[in-house]
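Coordinate analysis (summary)
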Amino acid sequence: MLIKAKNLSKIYGSGENQVIALQEANLEIDAGDFISIMGPSGSGKSTLLHLLSGLDMPTSGSLFYGEQDVYCLNDAKLSAFRRKKIGFVFQQFNLLPVLTARENILMPLLLDGKKEEAAYCDQLMELLGIKERMTHLPHELSGGQKQRVAIARALIAKPDIIFADEPTGNLDSKSGEEVMRLLADIREKMGKTIVVITHDERIAQMAKRRFTITDGILSGESGTTRKGRLQK
Ligand code: ADP
Ligand code: MG
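Rules used throughout
- For every chain, the first residue of the written sequence is number 1, and numbering continues from 1 along that sequence.
- Chain letters start at A and ligand numbers start at 1, both assigned in the order the entries are written.
- Local features in a predicted model are, by the rule used here, given only for residues with pLDDT of at least 70; side-chain atom pairs are given and counted only at 80 or more, and totals for whole chains, interfaces and linings are based on all residues.
- As a rule here, side-chain values come from all non-hydrogen atoms in the structure, and water together with hydrogens is ignored.
- The set of buried Ala, Val, Leu, Ile, Met, Phe, Trp, Tyr and Cys residues whose side-chain atoms join them within 4.5 Å is what this entry labels a nonpolar core.
- Whether a residue is buried, partly exposed or exposed follows from its accessible area with a 1.4 Å probe, protein chains only, as a fraction of its type maximum: under 20%, in between, or over 50%, in that order.
- Segments assigned H or I by DSSP are reported as helices when at least four residues long, segments assigned E as strands when at least two residues long, and all are numbered from the N terminus.
- Any pair of residues with heavy atoms lying within 4.5 Å of one another is described as a contacting pair.
- The rule is simple: put a 1 Å grid over the protein atoms alone, call a set of points where a 1.4 Å probe fits but cannot get out a cavity, call an open set with protein on both sides within 12 Å along at least five of seven lines a pocket, and count a residue as lining if it has an atom within 4 Å of a point.
- Grid points are joined across faces, edges and corners, and a volume is the space filled by probe spheres set on the points.
- Each residue gets one of three labels, nonpolar for Ala, Val, Leu, Ile, Met, Phe, Trp, Tyr, Cys and Pro, charged for Asp, Glu, Lys and Arg, and polar for the others, Gly among them.
- Throughout, the arc means that of the directions going from the helix axis to the C-beta atoms.
- Each axis is a line fitted through C-alpha atoms, and for a helix only the stretch in contact is used; angles between axes span 0 to 180 degrees, taken between their N-to-C directions.
- Roughly parallel means an angle under 35 degrees; roughly antiparallel means over 145; roughly perpendicular covers 65 to 115; every other angle is labelled oblique.
- Two helices crossing with the near one rotated counterclockwise from the far one by less than a right angle form a left-handed crossing, whereas a clockwise rotation gives a right-handed crossing.
- Per-residue confidence from the predictor is reported as pLDDT, which spans 0 to 100.
- Being near a molecule or strand, for a residue, means having at least one of its heavy atoms within 4 Å of it.
- Definition of a polar contact: a pair of N or O atoms within 3.5 Å, with one able to donate and the other able to accept a hydrogen when the atoms are protein atoms, and with sequence-neighbouring residues admitted only if both atoms are side-chain atoms.
- Methods summary: accessible areas were calculated by the Shrake-Rupley approach with a probe of 1.4 Å, and residue burial reflects only the protein chains presented.

1. Here's the deal with the nonpolar core
Formed by 34 residues in total, the largest nonpolar core has its most connected members in I105, I151 and I156. Counting residues per element, the ones that place at least two in this core are α3 (101-111), α4 (118-127), α5 (143-155), β7 (161-165), α6 (173-190) and β8 (193-198). Once residues within four sequence positions are removed from consideration, I151 is found in contact with V89, L128, V179, L183 and I186. Ranked by size, the runner-up nonpolar core spans 30 residues in total, among them L22, L49, L63 and F163.

2. Focus: the layout of surface pockets
The volume enclosed by the largest pocket comes to roughly 460 Å³. In this structure, the largest pocket is lined by 21 residues; those nearest its centre are R83, I86, F88, P108 and R153. Put simply, the parts of the chain that give the lining of the largest pocket at least two residues each are α2 (75-85), β6 (86-90), α3 and α5. Ranked by residues supplied to the lining of the largest pocket, first place goes to α3 with five residues. Here the residues of the lining of the largest pocket are counted per class, giving 13 nonpolar, four polar and four charged.

3. Re the side chain of T100
Structurally, the position occupied by T100 is in the loop between β6 and α3. According to the relative accessible area criterion, T100 is buried, its value standing at 17%. Not counting chain neighbours up to four residues away, the residues in contact with T100 comprise M134, T135, H136 and L137.

4. Here we look at α2
Taken as a whole, α2 has its buried residues at L78, F81 and R82. One face of α2 carries all of its buried residues, which in axial projection span an arc of 100°. Exposed and oriented more than 90 degrees from the buried face of α2 are A76, K77 and K84. Next to the buried residues of α2 lie β4 (60-65), β5 (68-69) and β6.

5. Description of the packing of α3 against α5
One can describe the packing of α3 onto α5 by two numbers: an axis separation of 7 Å at closest approach and a directional angle of 30°. By the criterion of interaxial angle, the relationship of α3 to α5 is roughly parallel. Crossing of α3 over α5 shows right-handed handedness. Between α3 and α5, the contacting residues are A101, N104, I105 and P108 on the first element and V149, A152 and R153 on the second.

6. Brief notes about α3
Every buried residue belonging to α3 is among A101, N104, I105, L106 and L109, and all of these are buried. Packed against the buried residues of α3 are α4 and α5. Two residues or fewer after α3 comes G113, characterised by a positive phi angle close to 65°.

7. Some thoughts on the confidence of the model for the chain
For the chain, the mean per-residue pLDDT works out to 93, and 95% of the residues sit at or above 70. Confidence drops under a pLDDT of 50 for residues 223-232, and excluding neighbours within four residues, the segment shows 22 contacts in the predicted structure.

8. Some words on the environment of V195
With respect to the secondary-structure elements, V195 resides in strand β8. Exposure remark for V195: the relative accessible area of 0% places this residue in the buried category. Here the alpha-carbon distance between V195 and L52, two residues 143 residues apart in the chain, equals 9.9 Å. What V195 contacts, discounting residues up to four positions off in sequence, is I29, I35, I37, I161, I162, F163 and A164.

9. Thoughts on the site of ligand 1
Taken together, Y12, V19, A21, P40, S41, G42, S43, G44, K45, S46 and T47 are the residues near ligand 1. The backbone of G42 places a nitrogen or oxygen atom 2.7 Å from an oxygen atom of ligand 1. G44 has a polar backbone atom sitting 3.1 Å from an oxygen atom of ligand 1. In isolation ligand 1 offers 570 Å² of accessible surface; the protein chains occlude 57% of this area. Taken together, the elements giving at least two residues each to the shell around ligand 1 come down to β2 (19-29) and α1 (45-52). It is α1 that contributes the most residues to the shell around ligand 1, three residues altogether. Residue classes in the shell around ligand 1 are distributed as four nonpolar, six polar and one charged.

Spelled out as structure tokens, the structure:
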């Protein structure tokens, strides 16, 4: 098993302003899983994703990647851990506007003081169908192409797992489905683990293991009956 999240809760604020964003979420993720977590706006999706990826600390609960107790790492070790193990994809793409597609993809390696990995970058651009766009700036790309660049950037440091926060939220339905198909391809061809959060049922259905979240409560596993995977 790759990841085990146990009783994750997150409470923001205190007193009258208190918001229980996530309540006792349990989730186990195996290497090679393709997971969707669906819920409406404000249901706690981003909160859960931030906790699962070590971007934020829970109010209570634990997170293990293999034997590693993630929340026990200090800040420096935690950010090194994230850079090595995890790739992120966001709704807003978050590409740097002054850099070409290729430069955006290579950016995480440069920031980490690593060498360029030109051949791997070419391979990713090929797989994602953006090779012809490598010298283009983000404003010269369609939404779908921007997201494919962002996916290549998420993969460049060879993480085990990709977390995508509403990756299709800014795309038309055709480009959104295309992005999901590419994520499925990346799982199959490269053996990556993929976790996608979305409020779009059609997108959620494209994953192999499907969860829902409502008012901070993670539940279900629809589509499959893998007993004991979700304990609640
Ligand atoms: P989603 O991604 O499903 O739209 P979020 O996880 O962003 O939901 O938010 C869940 C709940 O927690 C919402 O009620 C939101 O307003 C609240 N929330 C999120 N982040 C913060 C924060 N930093 N401070 C206070 N409340 C927050
Ligand atoms: Mg969100």
